[in-house]
Amino acid sequence: MGLLSDPNRRRALISLLTRLNAPICALCYFAGVCWFMGLAFEPFTLRTYMSENAMGSTMVEERFPSGERALATGKEFAAHKKKVGGMPVDWLVKTMQARGLEVFTQSFSRTLPFPDENKERYMVKGTNVYGILRAPRAPRTEALVLSASCSPGDNNNQAVGLLLGLAHYFRSQVFWAKDIIFLVNEHDLIGMQAWLESYHHTNTTGMDWSPLQGRGGSIQAALSLELSSDVITSLDIILEGLNGQLPNLDLANLFYAFCQKIGVLCTIQGRLQRNDWDSVSGYSHAVQTMMLMVMKQASGRPWGDHGLFLRYHIEAATIKGINSFRQYKTDVTTVGRLLEGMFRKLNNLLERLHQSYFFYLMPSLSHFVSIGYYMPAFGLLAVILLLRALDLWVQLVSPPSSPGVLSVLTPLVISHLTGAALYILPTRFQEIAVEHFPVSETEAVVLTVIAVYTAGLALPHNTHRLLSGEGTEQGWRVLKLVAVLYLAVLLGCTALINFSLGFILALTLVPVAAFVTPHMPKTLSAVVLVILSPAFTLLFSVFFFQELEEMPVSFQDGWQLYLSVISQGILDHYLYGSLVYPLIALMVYPCWLLFWNILFWK
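Not measured: the values here are computed from a predicted model.

Colleague: Tell me about the overall build of the protein chain, and name the residues and values.
Modeller: Scanning the protein chain from N- to C-terminus turns up 21 helices and twelve strands. Taking 25 Å as the expected radius of gyration for a compact globule of 602 residues, we find that the protein chain reaches 27 Å, a close match to that expectation. If you line up the protein chain on its principal axes, its C-alpha atoms span 85 × 60 × 45 Å. In the protein chain, buried positions account for 54% of the 602 residues. A sequence separation of at least 24 residues applies to 81% of the contacts in the protein chain between residues at least 6 apart. Working note: accessible area of the protein chain is about 25500 Å², and carbon and sulfur atoms make up 63% of it. Here the protein chain contributes 43 positive and 43 negative side-chain charges, whose respective centroids are spaced 4 Å apart.

Colleague: Let's hear about the environment of Ala 79: which residues, and what values?
Modeller: The topology assignment puts Ala 79 in helix 4 (residues 67-84). On the basis of relative accessible area, Ala 79 is assigned to the partly exposed category, the value being 48%. Along the backbone, Ala 79 and Ala 451 are 372 residues apart, and their C-alpha atoms lie at a distance of 47 Å.

Colleague: Break down the sheet that holds strand 8 (residues 234-238) for me, with residues and values.
Modeller: Across the sheet, nine strands lie side by side as 6-2-3-5-4-7-10-8-9; this open sheet has mixed pairing. The outermost strands of the open sheet, each flanked by one partner alone, are strand 6 (208-209) and strand 9 (266-268). Across six bridges, the pairing between strand 7 (residues 218-226) and strand 10 (residues 315-322) is parallel. By the bridge assignment, Leu 223 is partnered in strand 10 with Ala 317.

Colleague: Can you lay out the sheet that holds strand 11 (residues 360-364) for me, pointing to particular residues and giving the numbers?
Modeller: Spatial strand order, 1-12-11: three strands in an open sheet with antiparallel pairing. What marks the edges here is a single partner per strand, and that holds for strand 1 (46-47) and strand 11. As paired elements, strand 11 and strand 12 (residues 367-370) share three bridges and run antiparallel to each other. Bridge pairing links Tyr 360 to Ser 370 in strand 12.

Colleague: Lay out the domain arrangement of the protein chain in plain terms, naming residues and giving numbers.
Modeller: According to the domain assignment, the protein chain consists of domain 1 (67-272 + 302-353) and domain 2 (404-600). Taken over both partners, the interface formed by domain 1 and domain 2 buries close to 1800 Å², and the fraction arising from carbon and sulfur atoms is 55%. Interface area lost by domain 1 to domain 2 is led by Pro 113, Phe 114 and Asn 243, which between them contribute 36%. Run the count over domain 1 and domain 2 and you get one salt bridge. A salt bridge links Glu 550 to Arg 271; the shortest N-O distance between them is 3.8 Å. Along the contact surface separating domain 1 from domain 2 lie six residue pairs in polar contact (both at pLDDT 80 or more). Looking at the side of domain 1 that touches domain 2, the elements that each hand over two or more residues are strand 2 (102-116) and helix 7 (188-199).

Colleague: Got a sec to walk through the pattern of salt bridges? Specific residues and values, please.
Modeller: For the structure on display, the rule yields nine salt bridges. Between Asp 179 and Arg 134 there is a salt bridge; the shortest N-O distance is 3.3 Å. Of this pair, Asp 179 sits in strand 5 (residues 179-186) while Arg 134 sits in the loop between strand 3 (121-133) and strand 4 (142-150), and the two are 45 residues apart along the sequence. Assessed through its relative accessible area of 0%, Asp 179 is described here as buried. Connected through shared salt-bridge partners, Glu 102, Arg 134 and Asp 179 make up one network.

Colleague: Let's hear about the packing of aromatic side chains: which residues, and what values?
Modeller: Enumeration over the complete set of coordinates arrives at 27 aromatic pairs. Taken together, a centroid distance of 6.4 Å and an interplanar angle of 55° make the contact between Tyr 49 and Phe 368 tilted. With Tyr 49 in the loop between strand 1 and helix 4 and Phe 368 in strand 12, the pair connects residues that are 319 residues apart, well separated along the chain. Taking 4.3 Å as the distance between ring centres and 25° as the angle between the ring planes, the aromatic pair formed by Tyr 453 and Tyr 589 counts as stacked.

Colleague: Tell me about the packing of helix 14 (residues 441-458) against helix 20 (residues 555-576), and name the residues and values.
Modeller: Running from amino to carboxyl end, helix 14 crosses helix 20 at an angle of 95°, the nearest separation of the two axes being 10 Å. By the angle between their directions, the pair helix 14 and helix 20 is classed as roughly perpendicular. Seen from helix 14, the contacting residues are Thr 442, Val 445, Val 446, Val 449 and Ile 450; seen from helix 20, they are Trp 559, Leu 563, Ile 566, Ser 567 and Ile 570. By residue class, the composition of the contact of helix 14 with helix 20 is eight nonpolar, two polar and no charged.

Colleague: Could you give me a rundown of the side chain of Glu 315, with the residues and numbers involved?
Modeller: Tracing the backbone shows Glu 315 in strand 10. As a buried residue without a salt bridge, Glu 315 has its nearest oppositely charged side chain in Arg 352, at a separation of 6.2 Å. Side-chain polar atoms of Glu 315 contact the backbone nitrogen of Asn 248, separated by 2.7 Å.

Colleague: Can you explain the environment of Arg 326? Please cite residues and give values.
Modeller: Mapped onto the secondary structure, Arg 326 falls in the loop between strand 10 and helix 10 (332-347). Sequence spacing of Arg 326 and Phe 258 is 68 residues, and the spatial spacing of their C-alpha atoms is 21 Å. Contacts of Arg 326, omitting those with residues within four sequence positions, involve Thr 233, Ser 234, Leu 265, Gly 270 and Leu 272.

Colleague: Pulling in residues and values, what's your account of the nonpolar core?
Modeller: Counting residues in each nonpolar core, the largest one holds 114 residues, and the members touching the most others are Phe 36, Trp 195, Phe 309 and Phe 595. It is helix 21 (residues 580-599) that contributes the most residues to this core, 14 residues altogether. Not counting chain neighbours up to four residues away, the residues in contact with Phe 309 comprise Val 145, Met 192, Trp 195, Leu 196, Ala 222, Ile 314 and Ala 316.

The rules behind each value
- Residues numbered from 1 in each chain as written.
- Predicted model: local features only at pLDDT ≥ 70, side-chain atom pairs only at ≥ 80, totals over all residues.
- Heavy atoms only, no water.
- Helix = DSSP H or I, 4+ residues; strand = E, 2+ residues; numbered from the N terminus.
- Rg over C-alpha atoms; globule rule 2.2 N^0.38 Å.
- Buried < 20%, exposed > 50% of the residue type's maximum accessible area, 1.4 Å probe, protein only.
- Contact = heavy atoms within 4.5 Å.
- Areas by Shrake-Rupley, 256 points an atom, 1.4 Å probe, with all protein chains shown as cover.
- Lys, Arg positive; Asp, Glu negative; His and termini not counted.
- Charge placed at Lys NZ, Arg CZ, Asp CG, Glu CD.
- Pairing = 2+ DSSP bridges.
- Domains from an automatic or database assignment.
- Buried area = accessible area lost by both parts, 1.4 Å probe.
- Salt bridge = Lys/Arg side-chain N within 4 Å of Asp/Glu carboxyl O.
- Polar contact = N/O pair within 3.5 Å; in protein donor to acceptor, adjacent residues only side chain to side chain.
- Phe/Tyr/Trp six-rings, centres within 6.5 Å; stacked < 30°, edge-to-face > 60°.
- Axes fitted to C-alpha atoms, helices over the stretch in contact; angles between N-to-C directions.
- Parallel < 35°, antiparallel > 145°, perpendicular 65-115°, else oblique.
- Nonpolar A, V, L, I, M, F, W, Y, C, P; charged D, E, K, R; others polar.
- Core = buried A, V, L, I, M, F, W, Y, C linked by side-chain atoms within 4.5 Å.

The following block contains the structure:
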């Protein structure tokens, strides 16, 4: 405090920070990247542990015996699904009723803003079927959910069979203190969205659905099943939900504990855990696993049916069965016993899961990185913006001058109007584009996004002269000061909600914000700024994600995948409420345009 309160010392400190501003910024950037890369090194991580006392021991005896019967039920479900060409509603209702459940159906419909070419759907109509096993030992104020989607083709039939098998087995047990809801949803996330909105009396996406005729208690936790094979070599847990939300870490710990107890191979991001953490290959494996989680979380899309539960503060995860070329095999009976053990532990909960972490990264199932460990990596990048703002402030106050307000305000307004056009026009002008060009509606939306984004590069960089004449030297400094502080607040708020998205944006935007000036070589600087723009960040992320998935693609295939990612991002926003598209269009892109404007300031 004495250093800041003494005017002479404060002046000396400010002089030091401004004189060494560029080297300090470069050092902070390098340190932030190194800090982040070091998070996957096992000695720097924490071992997972169970924080919830009610789930602290796995000493329950799992007795589920009906794996073969569940597979037979799954085959019967597949036959009826093929016969009716979709969800066999009547068969499911009769089957659930035969197992002693209170059975209800819910119809829903949704017209997409434009066709989803990946799943070939536009006007979606379907029916959800769910059965409730009432708690015999409690006042039925709380509930658990086990769900499986009715997927097209031969996908997920075994999951529905196992769900029905567990329903039959759970019905014979008397220790349940919570209602258990067995849900078979149609049209994957759209059906799940309809059911959750109706269950909680909300309608945030404009979907049409019928009210639920039966309800359980307040949902405490949910598990979603994805099984598409009779033989399973490992079980993968999927945690990433809508807008980068994650379930309480204890849910992942519970899954890992029962896998260890029963002897099932378990993975996260489809990768087995390795013990050679001190080798280069072991560290590389951990980094790739963690980066896969970062990329999925940054996308903001739900990576399983569980992802929509998280917005209602319901801890949920998807358990996916993988059938690979490993020699180790697991049968459906073992998977059923694992789910039985998890549900029995969740049944013991006296309150919602809250004692463990909600913000974390996982390089493996046995280790995690808490928010206190990974936030300094972002903080080192964010401090660069504050140092540049301090340097600009010092330049502005000595000698003091006042640039025209309009010369600064005009590019600010124009940039955000361009962002608003990027958000609004693609879905509004798709019909006009289809009429005048030989493209589909989905292609029209994506091409409109690209057109507006590209047009934005030409609009703002001279608009400051429209109302106030030539720009001044102080004018671009004021504009950059505003843009740098704006970016600091924007990235800080984003990182608090979705660290992965905030960190990826900071990696590309912070260098732009730190060093762009009107006095740089225009051509080279413009190329660098375009490469570090949000659109190219997304393009690089698509190729990087495919490399992490060990499914590299050619440039042509990668470009098609890039266009598909854009359309899916817009659909996720309108269907489920993903915030990534409006964040990029309305805030990140206009902020980047301000720096583009500074580069071409005259």
